[in-house]
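Listed below, chain by chain, are the residues.
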Amino acid sequence: MSKLSGPSWGPASKGTPKRLVILCHGVGADGNDLIDLTPFWGRVLPDAVFVAPHAPEPFDMAPSGRQWFPLGDLDPAKLGGGVRRAEKVLDEFIDEQLAKYNLSPTAYALMGFSQGAMIALFTGLRRATAPRAILAFSGALIDPETLKAEMKNHAPVLLAHGEADQVVPVFRSRDAEAVLRAANVPVEALYVANLGHGIDDAILDAGALFLKKAFAG
């Protein structure tokens, strides 16, 4: 897999970065898909730099876009092989970005949408140094059976999902919530009525508050 790169934004303060937020896009998109969210969150984290890497593989079902791992069978229990390859690349990228901005190993958070939420959850909970927060929007918990044995931290997680999502059904986040709570991971969950596969203002607001609390702690 190739090393990661992608657009960045901030800090809004124009000063030296003191926080890092890495945003992981969904399948078939690229880092530009999420970077437009960052000015909104930059208002509550003015000293944060936001980085949205392009996923490491070309999307294998279209002539454009990127993917973190092949989808194949959509059963979260059967996607472990691909997500583990992507985990190594994202894990390395997090460390590279922390070093680039001369930040503490704890001064970061992860956010992901759809497939990006899957890789953010998988990687974040398996890192020796916990992220301040993991925001997983419209995603799923991959290979849930191995979580308790492999997790290395109890980073707080925000799950958000549209109840009308026909791409990644909302029960994927509800299932993730149950598994995470059973593993003693602090979880907040937001399920939005009539929302499809997307991010609305309520989710943006919840994400801003979650990040603000995480970095204030």
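Conventions and cut-offs
For every chain, the first residue of the written sequence is number 1, and numbering continues from 1 along that sequence. Note on the predicted model: pLDDT of at least 70 is required for a residue's local features to be given, and 80 or more for side-chain atom pairs to be given and counted; whole-chain, interface and lining totals, by contrast, use all residues. Each side-chain value is derived from all of the structure's non-hydrogen atoms; neither hydrogens nor water enter the calculation. Put simply, DSSP H or I for four residues or longer makes a helix, DSSP E for two residues or longer makes a strand, and each gets a number counted from the N terminus. Should any heavy atoms of two residues lie within 4.5 Å, those residues are counted as being in contact. As used in this structure description, the phrase polar contact means that two N or O atoms lie within 3.5 Å; if the pair is within protein, one of them must be able to donate a hydrogen and the other to accept it, and residues adjacent in sequence are counted only when both atoms belong to side chains. One requirement defines pairing of two strands: DSSP has to find at least two bridges between them. By definition here, a salt bridge exists when the distance from a side-chain nitrogen of Lys or Arg to a carboxyl oxygen of Asp or Glu is within 4 Å. Think of it in three bands: with a 1.4 Å probe and only protein chains considered, a residue is buried below 20% of the maximum accessible area for its type, exposed above 50%, and partly exposed in between. Any Phe, Tyr or Trp ring, taking Trp's six-membered ring, that has another such ring centre within 6.5 Å forms a pair; planes under 30 degrees apart are called stacked, those over 60 apart edge-to-face, and the others tilted. Here, over-ring charges are defined by two tests on the NZ atom of lysine or the CZ atom of arginine: distance to the ring centre within 6 Å, and angle to the ring normal within 35 degrees. Residue count minus one, scaled by 1.5 Å, sets the expected span of a helix.

*Asks:* What is the right way to read the environment of Thr106 from this model?
*Replies:* With respect to the element layout, Thr106 can be found in the loop between α3 (80–100) and β6 (108–113). As for Thr106 and Arg132, which are separated by 26 residues in sequence, their C-alpha atoms are 6.7 Å apart. In contact with Thr106, other than residues within four places in its own chain, are Thr129, Ala130 and Arg132.

*Asks:* How do you make sense of the side chain of Arg127 when you look at a structure like this?
*Replies:* Relative to the helices and strands, Arg127 resides in the loop between α4 (115–124) and β7 (134–137). At a separation of 2.8 Å, a polar atom in the side chain of Arg127 contacts the side chain of Asp95.

*Asks:* When you look at the sheet that holds strand β1 (residues 8–9) in this model, what are you seeing that I'm missing?
*Replies:* Paired through their backbone hydrogen bonds, the strands of a sheet run either parallel or antiparallel. Taking strand neighbours across the sheet as the criterion, the 7 strands line up as β1-β3-β2-β6-β7-β8-β9 in an open arrangement whose pairing is mixed. This sheet does not close on itself; its edge strands, each paired only once, are β1 and β9 (187–192). Of the strand pairs in this sheet, strand β8 (residues 157–162) and β9 are connected by 6 bridges, and their pairing is parallel. Across the sheet, Leu158 pairs through a bridge with Glu188, a residue of β9.

*Asks:* Any chance you could explain the pattern of salt bridges here in plain terms?
*Replies:* Close approach of charged atoms allows side chains with opposite charge to pair. A full pass over the atoms with the stated rule returns 10 salt bridges. Ionic pairing is found between Arg84 and Glu150, a salt bridge with its closest N-O pair at 3.0 Å. Within this pair, whereas Arg84 is found in helix α3, its partner Glu150 is found in helix α5 (residues 147–150), the two being separated by 66 residues in sequence. In this structure, the salt-bridge partner of Arg127 is Asp95, at a minimum N-O distance of 2.8 Å. In this pair, Arg127 is assigned in the loop between α4 and β7 and Asp95 in helix α3, connecting sequence segments 32 residues apart. Look at Arg127 and you get buried, because its relative accessible area is 6%. Exposure remark for Asp95: the relative accessible area of 39% places this residue in the partly exposed category.

*Asks:* Explain the packing of aromatic side chains to me, please; I cannot follow it from the model alone.
*Replies:* What characterises a pair of aromatic rings is the spacing of the ring centres plus the angle enclosed by the ring planes. Going through the model one piece at a time under the given rule, you end up with 2 aromatic pairs. Ring plane angle 50 degrees and centroid distance 6.1 Å describe the contact between Trp9 and Phe50, whose orientation is recorded as tilted. Of this pair, Trp9 sits in strand β1 while Phe50 sits in strand β3 (residues 48–51), and the two are 41 residues apart along the sequence. A residue is classified by how much of its surface remains accessible, and Trp9, at 28% relative accessible area, is partly exposed. By relative accessible area, which is 0% here, Phe50 ends up buried. Taken together, a centroid distance of 6.4 Å and an interplanar angle of 65 degrees make the contact between Trp41 and Phe137 edge-to-face. With Trp41 in helix α2 (residues 38–42) and Phe137 in strand β7, this residue pair connects regions lying 96 residues apart in the sequence. Exposure remark for Trp41: the relative accessible area of 0% places this residue in the buried category. By relative accessible area, which is 0% here, Phe137 ends up buried. Over the ring of Phe122 we find Arg126, and its NZ or CZ is 3.6 Å from the ring centre.

*Asks:* Mind showing me how you'd approach the environment of Ala117 here?
*Replies:* Secondary-structure assignment places Ala117 in helix α4. The spatial distance from the C-alpha of Ala117 to the C-alpha of Ala48 is 20 Å, given a sequence separation of 69 residues.

*Asks:* Looking at this model, I keep getting lost on helix α7 (residues 201–216). Mind explaining?
*Replies:* An α-helical turn contains 3.6 residues, so any two residues separated by three or four positions project in the same direction. Counted at 1.5 Å a residue, the expected span for α7 with its 16 residues is 22 Å, and the 22 Å between its end C-alpha atoms agrees. Among all positions in α7, only Ile203, Leu204, Gly207, Ala208, Phe210, Leu211, Ala214 and Phe215 are buried. Looking at the buried residues of α7, the elements they touch are β2 (19–24), α2, β6, β7, β8 and β9. For α7, the N-terminal capping position is held by Asp200, with its side-chain oxygen 3.2 Å away from the main-chain nitrogen of Ala202.

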